[in-house]
Amino acid sequence: MGISRRKFIGCLGALALGPAMGIPGTAQGASNKEFAGWPDSQSVLHDITKCIGCRKCESACHRVNHLPDPETSFEDLQVLDQKRRTDADVFTVVNRVDNSLPVFVKTQCNHCLEPACASACFVKALKKTPEGAVVYNEKLCVGCRYCMVACPFNIPAYEYHKALAPRVTKCTMCHPRILEGKRPGCVEDCPAGALISGTRDELLAYAWDRIRTYPERYVSHVYGEHEMGGTSWLYLSGLHFSQVGMREDLGTKSAPELTAGPLSAVPIVVGLWPVLLTGVYAISKRKEKIAELEKQAAVTEAVDQSKKEAQARMETLRKKWDQEKQSAINFEVKKALEDAAAKDPEPGQSKEDE
């Protein structure tokens, strides 16, 4: 399979310019239709006022997701003084917020109703499930990491430390456990009741009931009810959410609604992507073929050179052996003549005269 670099770039240009010049295609913009979420999907409510910073939720997350052990034990609460974020091997963290009284905030993927990560993923490696979780399929992921750029909460991480088959990682909301009718691991292990799971409608009703019952304890805001079009993780707080490190500037529009116009060009990219990969593959294979031919030529040349050098060495040895053989013959002939002369005296000379 061969293709020149010039021809490949020319094909890309033609495909890219085609839609722009009005050539009919199948490009479609992102939907701007409002999505209220899957009915009866599962959610989690984090009551920040009840969190005691015990890190049991972090430990449970590691256990149920089979994550590697952290450098410091989960019993070490000094890490709460650090500003931590999730990473490839840590799906959730609890941070202490500076305040007159200790305030602890748990951070993880919020599982948006219309996720920006899924909207940005053109191979559909991320998708929102009817159960509420945003799940990831590593078999589809091409490693572009657009999901990391798109997430307004800065959550998805990437396994940069893995040379082979690195993945995008984040909280799964324990989707496999939800399918089995179980609660997420962090919810199950929370000893303070700061995490509650249930359907989103139930948790919203419960949260607003708490606010109405204890107005002195909570700000009148359920975070996640409307942020970015709504999320499956919901929060109650006694402080304004910006005071506990959460973004209040995101607005209420979902990512697809915000990007309906710009994403109209995404199908063009999606169409070009296979062509790009095919072209890169063809050029790579061509380079490999040329390199193989060059390698074979180099090997042949080296073998020929070795043969010539071997033949030259053999010729030198043969000449040396011939010279030595001739010298030995000459020596033996001379010696034989001398012996013969000693045994046969010259005419007129008797052996007694000798």
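Residues numbered from 1 in each chain as written. Predicted model: local features only at pLDDT ≥ 70, side-chain atom pairs only at ≥ 80, totals over all residues. Heavy atoms only, no water.

### Details of the sheet that holds strand 1 (residues 42–47)
For step 1, the next point in the chain: An order of 8-1-9 is seen for the three strands of this open sheet, with the pairing classed as mixed. Of all the strands in the sheet, the pair left with one neighbour each is strand 8 (195–199) and strand 9 (233–236). When the angles between neighbouring strand axes are averaged without regard to direction, this sheet yields 25°.
For step 2, the next point in the chain: Of the pairings in the sheet, the one linking strand 1 to strand 8 comprises five bridges and is antiparallel in character. By the bridge assignment for strand 8, Q42 is matched with T199.
For step 3, the next point in the chain: The strands touched by helix 7 (residues 200–213) within the sheet are strand 1, strand 8 and strand 9, with strand 8 carrying the most contacts at an inclination of about 130°. (Pairing = 2+ DSSP bridges. Helix = DSSP H or I, 4+ residues; strand = E, 2+ residues; numbered from the N terminus. Axes fitted to C-alpha atoms, helices over the stretch in contact; angles between N-to-C directions. Contact = heavy atoms within 4.5 Å.)

### Remarks on helix 2 (residues 56–65)
For step 1, the next point in the chain: Those residues of helix 2 that sit buried are C57, E58, A60, C61 and H62.
For step 2, the next point in the chain: Of the surrounding secondary structure, the elements contacted by the buried residues of helix 2 are strand 2 (93–97), strand 3 (103–107), helix 6 (185–189) and strand 8.
For step 3, the next point in the chain: Downstream of helix 2 by one or two residues, H66 has phi in the positive range, about 55°. (Buried < 20%, exposed > 50% of the residue type's maximum accessible area, 1.4 Å probe, protein only.)

### A few points about the nonpolar core
For step 1, the next point in the chain: In this structure, I48, F153, L195, F241, V244 and M246 are the most contacted members of the largest nonpolar core, which totals 39 residues.
For step 2, the next point in the chain: At the level of elements, helix 2, strand 2, strand 3, helix 6 and strand 9 are the ones that each hand at least two residues to this core.
For step 3, the next point in the chain: The element that contributes the greatest number of residues to this core is strand 3, accounting for three residues.
For step 4, the next point in the chain: Within the second largest apolar cluster, nine residues are counted, among which are L45, L204, I211 and V222. (Core = buried A, V, L, I, M, F, W, Y, C linked by side-chain atoms within 4.5 Å.)

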